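Spelled out, the chains give:
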Amino acid sequence: MQKSILKDQNDRVDGIDKVMGRAKYFAEYNLPGLTYGVLVTSTITKGKISSLNARAAEKAPGVIAVISHLNKPSAPAYEQEGGPAMKIFYTDKIFFNGQPIAIVVADTFERATHAASLVKVEYEKADFNTDFEKAVNDTKAKKLQGQPDYKRGIQDAYKTAEVKIEARYHLPIETHNPMELHGIIADWRPNNQLIVYAKTQGVKATQGAIANVFKIPVENIQVNSEFVGGGFGMALRTWPLEIATVMASKHIARPVKVVITRMQMFTMVGNRPAAIQTIGLGANKDGTLTGITHRAFGETSAYENFTEGVVNMAKFMYQCDHVNTQYTVVPVDLGVPIWMRGPGEATGAFALESAIDEMAHALNMDPLEFRIKNDPEKDQQRNKPFSDKNIKEAYRIGAAKIGWSERKNTPGSLINGQWKTGFGVSIGVFNANRGRASVKAILRSNGTLLMQSATSDIGPGTGTGMSLIASQILSIPVDKIKFELGDSSLPPAPSQGGSATLSTVGSAVNDACVALKSTISELAANSNMDATANFVEVLKKNNLPSIEVTKQSQAGKERDEYSMYSFSIHFVKVKVHSLTGVVKVDKIVSVGDSGTIVSPKTARSQMVGGAVGGVGMALTEESIVDHRYGRYINNNFADYHVPVNADIPEIEVHFINKPDPYINPMGAKGMGEIALIGFSAAVANAVFNATGKRIRTLPITPDKILASS
């Protein structure tokens, strides 16, 4: 069946398993004696637990245990001084509304859910604040340095420029809402052996985190996560709810499964934090940038600091001798944030790329021409040349495909009945990383290749990319190659995040396959075989059922000499209804400049997925908190609006597809993050071009368009 379905070498190697339901996600494993955990959560926002009565819950049908701070199992790391503030079940303090305070374990999910409702809790309430903007504006509120201030040249040089703009931009909290809910299955066995099925972006990271909390050897812990239904950053850490599940399994000596609810996704597994940013730009009348100032406030929790690269892009993306940035984090009484696709760079790009568009308008320049004029030849922040950068070519391709020549520089010029048309453009950029990873490769005399690495696949098609790299080197059809991942017992690899997996693990695949090819050549020579002999013939001639090699690969000194980034250019055409303020994205063109494209089909999927996420960021997504109670009020799919098919227009994806000569053997750089970074600004800029109304607060909803001047 597989041969008849696969169209070509570029098809996803896991595609058939997914569409036919054979792919198994963490919650689908049914272990012998499996029990079900349901979390009891705080109904106040700040304070402490004064009493917790679990007697009724413990007597409910099917209940096996109720665990809280009153009867917590041993977790040595939590019993020591220091460590994380959120030591689940090791404190009676409440840090945010919806904080897990107990877990009820029963023989069915329904019985556990009912019993959880019977746990009675009383609190001592304390004053709280969940209003980020209030905390930013309160001079007495706690504020922390998110990263060191940066200055190149003169501070705030934009203020003395011939033309200057200054604007303030607001981004709300966005919540991770993949279809797959978060959770874990934990099976604590005798002799401190633990089997875990988890939703994680890094099996080795999860293994290490659990080992650290419970102080057992990492080799005692087996973590499995072959398929992940969307991570997007939320699965880059091991959350308290996962530690609670492991505690429960240890306590009852049976496997426990916890799958949190959609409402709990808003409180337990992080979010993109809110941000308030001020951008100041200065330029000469000819369009030369003379000053960039980027100041940002980012949201964090009151119990744990979270920082990200909100102001990074302003330091190097445009040629400018005078640049200064400042990033401050402000605690509020909500759960700690986490990276979300595009992380802080997507947040910062909305402000910077909107401001660039505003400056172009102030100069009466085409915003594309303005960007090209200020495109840097080298990285001024690091004072290094870029390893590879083809932005001007990407601009030309995207402009031609979107029909940029139709754009009018005067906003509101393109009108068809009650619809106004506008065009917008923006840049995305993200560090092109390469870490350290190992791969075992086994070449067999039956013509197959097996590769193994403890990496993850949260959706981009990791196995497909690795198989294509191996196929090209060893001239083996992809359907003869198997890449095993998501298993902590395999050779080590880092978590999947930051668009680094193909570069990191792919380099190890490359090195392993090159080593295998060399061994085959040596065997052929020693056997007096022709150098072009098939590896199957060589192995059989030498009576070898297989040969294997394990290779560790990591970056060298390239980063000391070059500045390495992936780039994207997003072009958007929108239509805005004059009477209702409704925005329709009419066409999208995204151009990726990320080195060699190893897997064209999955690469395109990455860019399309980023564009869809960008539409959500720009037009629909916003987590709303009722600050009287510190609770989310749109914590469901009905009220938290993610884009649907009807919101998404034609999407064109194009790639420069030129190898970066320095980053890795494939010349390939990541693209998962750049697919989203900058996109929301392209939409906002297109809305301005259509209407003349500058929306600086996301999401861009009809009421804001109708209310803006």
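Residues numbered from 1 in each chain as written. Predicted model: local features only at pLDDT ≥ 70, side-chain atom pairs only at ≥ 80, totals over all residues. Heavy atoms only, no water.

1. Focus on the overall build of the chain
Stated formally: Helical segments are the DSSP runs of H or I of at least four residues, strand segments are the runs of E of at least two, and each set is numbered from the N terminus. Radius of gyration means the value over C-alpha atoms here, while the globule rule gives 2.2 Å times the residue count to the 0.38 power. Relative accessibility decides the category of a residue: with a 1.4 Å probe and only protein chains considered, values under 20% of the type maximum give buried, values over 50% give exposed, and everything between is partly exposed. What makes two residues a contact is simply this: any of their non-hydrogen atoms within 4.5 Å. Only the protein chains shown count as covering a residue, and every accessible area follows the Shrake-Rupley method with a 1.4 Å probe.
Along the chain, the regular secondary structure elements total 19 helices and 30 strands. Computed over the C-alpha atoms, the radius of gyration of the chain is 27 Å, within 12% of the 27 Å expected from 2.2 N^0.38 for a compact globule of 709 residues. Principal axes of the C-alpha set define a box for the chain whose edges measure 80 × 75 × 50 Å. Every one of the 709 residues in the chain was classed for burial, and the buried ones make up 60%. Taking the contacts inside the chain whose residues are at least 6 apart along the sequence as the reference set, 81% of them involve residues at least 24 apart. Here the chain has roughly 27900 Å² of accessible surface; of this, 49% comes from carbon and sulfur atoms.

2. Quick look at the sheet that holds strand S22 (residues 437–444)
For the record, the criterion: Whether two strands pair comes down to DSSP finding at least two bridges between them. Axis lines are fitted through C-alpha atoms, for helices just across the contact stretch, and the angle between N-to-C directions can take any value from 0 to 180 degrees.
With mixed pairing, four strands are arranged side by side in an open sheet as S24-S23-S22-S25. With one partner strand each, in any of the chains shown, strand S24 (481–484) and strand S25 (546–553) form the two edges of the open sheet. Mean inter-strand twist for the sheet, computed between neighbouring axes without regard to direction, equals 15°. Where S22 meets strand S23 (residues 449–452), four bridges bridge the pair, whose relative direction is antiparallel. Paired with Leu 443 across the bridge in S23 is Leu 449. Contacts from helix H13 (residues 462–474) reach S22, S23 and S24, with the element oriented near 135° to S24. On the sheet, helix H14 (residues 501–526) packs against S22, S23, S24 and S25 and is oriented at approximately 140° with respect to S25.

3. Re the pattern of salt bridges
Operational definition: Just to be clear on terms, a salt bridge is a Lys or Arg side-chain nitrogen sitting within 4 Å of an Asp or Glu carboxyl oxygen.
Tallying each qualifying case throughout the model produces 28 salt bridges. In this structure, the salt-bridge partner of Arg 694 is Asp 357, at a minimum N-O distance of 2.8 Å. On the criterion of sequence distance, the pair formed by Arg 694 in the loop between helix H18 (679–691) and helix H19 (702–707) and Asp 357 in helix H10 (residues 343–362) is long-range, its members being 337 residues apart. Per residue, the accessibility class of Arg 694 equals that of Asp 357, and both read buried.

4. Some words on the sheet that holds strand S4 (residues 93–94)
Taken in spatial order, the three strands make up an open sheet running S4-S2-S6, and their pairing is antiparallel. Looking along the sheet, the strands with just one partner apiece sit at the ends: S4 and strand S6 (120–125). As paired strands, strand S2 (residues 47–53) and S4 are joined by two bridges and run antiparallel to one another. If you follow Lys 48 over to S4, its bridge partner there is Lys 93.

5. With respect to the packing of aromatic side chains
Each aromatic ring pair is summarised here by two numbers: the centre-to-centre distance and the angle between the ring planes. The line we're drawing: Two aromatic rings, drawn from Phe, Tyr or Trp (for Trp, its six-membered ring), form a pair once their centres lie within 6.5 Å of each other, and the interplanar angle then sorts them: stacked below 30 degrees, edge-to-face above 60, tilted otherwise.
Within the structure shown, the criterion is met by 17 aromatic pairs. Aromatic side chains Phe 95 and Tyr 303 sit 5.1 Å apart centroid to centroid with 45° between the ring planes, which places their arrangement in the tilted category. With Phe 95 in the loop between S4 and strand S5 (100–106) and Tyr 303 in the loop between strand S16 (289–301) and strand S17 (323–332), the pair connects residues that are 208 residues apart, well separated along the chain. Of the two residues, Phe 95 and Tyr 303, both sit in the buried class.

6. With respect to the environment of Lys 48
Within the secondary structure, Lys 48 sits in strand S2. According to the relative accessible area criterion, Lys 48 is partly exposed, its value standing at 33%. Through-space distance from the C-alpha of Lys 48 to that of Leu 676 is 40 Å; in sequence the pair is 628 residues apart.

7. Some thoughts on the packing of H13 against H14
Two packed helices can be described by the angle between their axes and the distance between those axes. In plain terms, the rule: Reported orientations rely on four angle classes, namely roughly parallel under 35 degrees, roughly antiparallel over 145, roughly perpendicular from 65 to 115, and oblique for the rest. By the definition used in this description, the sense in which the near helix is turned from the far one sets the handedness, with an anticlockwise turn below a right angle giving left-handed and a clockwise turn giving right-handed. In this classification, Asp, Glu, Lys and Arg are treated as charged, Ala, Val, Leu, Ile, Met, Phe, Trp, Tyr, Cys and Pro as nonpolar, and every other residue, Gly included, as polar.
Across the interface, H13 lies against H14 with an axial gap of 9 Å and an inter-helix angle of 30°. On the basis of their axis angle, the class for H13 and H14 is roughly parallel. Of the two elements, H13 crosses H14, and the hand of that crossing is right-handed. Contact with H13, carried on its side by Thr 462, Gly 465, Met 466, Ile 469, Ala 470, Ile 473 and Leu 474, involves Thr 501, Leu 502, Val 505, Gly 506, Val 509, Asn 510, Cys 513, Val 514, Leu 516 and Lys 517 of H14 and no other residues of that element. Within the contact of H13 with H14, the residues separate by chemical class into eleven nonpolar, five polar and one charged.

8. A look at the nonpolar core
Rules: Residue types Ala, Val, Leu, Ile, Met, Phe, Trp, Tyr and Cys, when buried and joined through side-chain atoms within 4.5 Å, form a set referred to as a nonpolar core.
Grouped together as the largest cluster of nonpolar side chains are 83 residues, with contacts concentrated most on Met 317, Phe 571 and Val 574. With nine residues, H10 is the single largest residue contributor to this core. Among all residues touching Val 574, those that are not within four sequence positions of it are Lys 420, Thr 421, Gly 422, Val 583, Lys 584, Val 585, Asp 586, Ala 686, Val 687 and Ala 690. Grouped together as the second largest cluster of nonpolar side chains are 48 residues, Phe 214, Met 247, Val 256 and Phe 306 included.

9. A word on the packing of H10 against H18
One can describe the packing of H10 onto H18 by two numbers: an axis separation of 8 Å at closest approach and a directional angle of 30°. The orientation of H10 with respect to H18, classified from their angle, is roughly parallel. The hand of the H10/H18 crossing is right-handed. Across from Ala 349, Phe 350, Glu 353, Ser 354, Asp 357 and His 361 in H10, the residues of H18 making contact are Ser 680, Ala 681, Ala 684, Asn 685 and Phe 688.

10. Regarding the confidence of the model for the chain
Just so we agree on the cut-off: Every residue is assigned a pLDDT by the predictor, reflecting its confidence on a scale from 0 to 100.
Scored by pLDDT, the chain comes out at a mean of 96, with 99% of its residues at no less than 70. Within the model, pLDDT remains below 50 along residues 1–7, and this stretch shows nine contacts once partners closer than five positions in the same chain are excluded.

11. Quick notes on the environment of Pro 643
Mapped onto the elements, Pro 643 comes out in the loop between strand S29 (631–632) and strand S30 (650–655). Residue Pro 643 is classed as buried on the basis of its relative accessible area, which comes to 16%. On a C-alpha basis, the gap between Pro 643 and Gly 614 in space is 9.3 Å, while along the polypeptide they are 29 residues apart. For Pro 643, the contacting residues outside a window of four places in its chain are Val 612, Val 615, Gly 616, Thr 620, Glu 621 and Ile 648.

12. A few points about the environment of Ser 51
Tracing the backbone shows Ser 51 in strand S2. Under the relative-accessibility criterion, Ser 51 is labelled partly exposed at 31%. Linking Ser 51 and Val 121, residues 70 residues apart in sequence, is a C-alpha distance of 5.7 Å. Other than its neighbours up to four places away in sequence, Ser 51 contacts Lys 120, Val 121 and Glu 122.

13. Side note on the side chain of Lys 199
Threshold: Pairing of N or O atoms within 3.5 Å defines a polar contact, subject to two protein rules: one partner must be a possible hydrogen donor and the other a possible acceptor, and residues neighboring in sequence count only if both atoms are side-chain atoms.
Tracing the chain through its elements places Lys 199 in the loop between strand S11 (193–198) and helix H7 (203–214). Of note is the side chain of Lys 199, whose polar atom sits 2.9 Å from the backbone oxygen of Gly 230.

14. So, unusual backbone geometry
Across the chain, the bulk of peptide bonds are trans and the bulk of non-glycine residues have phi less than zero. Residue Pro 699 follows Leu 698 across a cis peptide bond; omega there is -5°. Counting through the fold element by element, Pro 699 comes out in the loop between H18 and H19. Phi at Asp 156 is positive, roughly 50°, even though this residue is not glycine. Structurally, Asp 156 is set in the loop between strand S7 (144–152) and strand S8 (163–171). Its relative accessible area of 14% is what places Asp 156 among the buried residues. A positive phi angle is found at Lys 215, which is not glycine, with a value near 55°. Its relative accessible area of 42% is what places Lys 215 among the partly exposed residues.

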